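Spelled out, the chains give:
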Amino acid sequence: MRIVVLTGAGISAESGLTTFRDSGGLWEGHDPMQVATPEAYADDPGLVQRFYDARRAALTQVEPNAAHHALVRLEAALGDDLLVVTQNVDDLHERAGSRRVHHIHGRLRSAWCTRCDERHDWHGPLADGPACPACGGSELRPDIVWFGEIPYGMDLVEEALEECDLFVSIGTSGVVYPAAAFVHWARGATLELNLEPSAGAGDFAESRRGPATRLVPDWVN
Ligand SMILES: CC(C)NC(=O)[C@H](Cc1c[nH]c2ccccc12)NC(=O)[C@H](CCCC/N=C(/NCCC(=O)O)S[C@H]1O[C@H](COP(=O)(O)OP(=O)(O)OC[C@H]2O[C@@H](n3cnc4c(N)ncnc43)[C@H](O)[C@@H]2O)[C@@H](O)[C@H]1O)NC(=O)OCc1ccccc1
């Protein structure tokens, strides 16, 4: 049984990470959808860097939850027949022990040098313009896919969806594309596990309602 699991902010909500739409959504009075754009970074790089520095720092205050851990158990059972595709930029899947995780929208704990194109594991702030460990330049940006930018590894994801026997979507509102279209790209059966109906709920063969920390372990066990 080849399974592709798509996760969104809802799987990390019970770990204490605010989702995009549930937290009243504002950051320093800014709509995240406005800050997470190359235009915002061009206009006010300091604002965007502080946005991601704050979220990167918040990772030290949270731990993976029962939903993340259940997917680790599923990976132990399925091995390479399970792929977790996440829209999340947090590292809770990996900290729970998942190995086969693909971040289509990037990672908070990675910095990308737009001068030498190197990527570096990064835990500290970027707002103070640190030097790139590879080229010494000061053009490190968050390794995050912003609105209007192409998500990472779409070929890998498309192939996995075309070959899967089951596609499961966990904790996502189904509003942001191309992730919101994956249910249509999936060849196999489709299941949604979400607190409330997502925008694409009607496109799933089955939808279950409830918190991820209950729904995901129940589904895996
Ligand atoms: C807003 C939307 C209309 N706009 C888009 O989709 C745009 C434009 C667009 C492209 N195609 C379109 C077609 C139609 C319309 C618009 C478009 N898309 C893009 O720009 C994308 C790039 C989008 C990526 C942007 N970056 C992010 N993140 C990183 C940044 C950052 O994190 O700061 S998106 C970001 O927002 C999205 C947030 O959604 P969710 O994760 O679902 O979170 P949300 O808060 O919305 O919902 C939480 C859900 O969880 C549930 N929940 C809450 N608590 C729990 C709980 N406890 N348990 C269970 N469930 C729970 C709730 O009920 C809720 O349903 C995530 O994807 C997240 O990564 N790029 C692109 O299309 O390039 C071209 C292309 C495409 C394909 C191939 C080649 C080229």
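Residues numbered from 1 in each chain as written. Predicted model: local features only at pLDDT ≥ 70, side-chain atom pairs only at ≥ 80, totals over all residues. Heavy atoms only, no water.

Moving on, we get to the sheet that holds strand β5 (residues 119-121). As summarised here, the arrangement of the 3 strands in space is β5-β4-β6, forming an open sheet in which the pairing is antiparallel. Only two strands of the sheet have a single neighbouring strand rather than two, namely β5 and β6 (140-144). Put simply, the sheet's adjacent strands are angled 40° from each other on average, direction ignored. Lying on the sheet, helix α4 (residues 45-58) is in contact with β4 (106-113) and β6; it crosses β6 at an angle near 60°. (Pairing = 2+ DSSP bridges. Helix = DSSP H or I, 4+ residues; strand = E, 2+ residues; numbered from the N terminus. Axes fitted to C-alpha atoms, helices over the stretch in contact; angles between N-to-C directions. Contact = heavy atoms within 4.5 Å.)

Remark on secondary structure: sheet strands pair via backbone hydrogen bonds, oriented parallel or antiparallel. Reading across the sheet, the 6 strands line up as β3-β2-β1-β7-β8-β9 and stay open at both edges, with parallel pairing between neighbours. Where the open sheet ends on each side, the last strands, each with one partner, are β3 (101-103) and β9 (206-209). Between one strand axis and the next, the sheet turns by 20° as a mean value, whatever way the strands run. Both strand β1 (residues 3-7) and strand β7 (residues 166-170) contribute to a ladder of 5 bridges, which runs parallel. Across the sheet, the residue bridging to L6 is S169, located in β7. Here helix α7 (residues 154-163) sits on the sheet and contacts β1, β2 (82-86), β3 and β7; the angle it forms with β2, its principal contact strand, is near 135°. In the packing of helix α9 (residues 212-220) onto the sheet, the strands contacted are β1, β7, β8 (189-194) and β9, and the crossing angle to β8 comes to about 145°.

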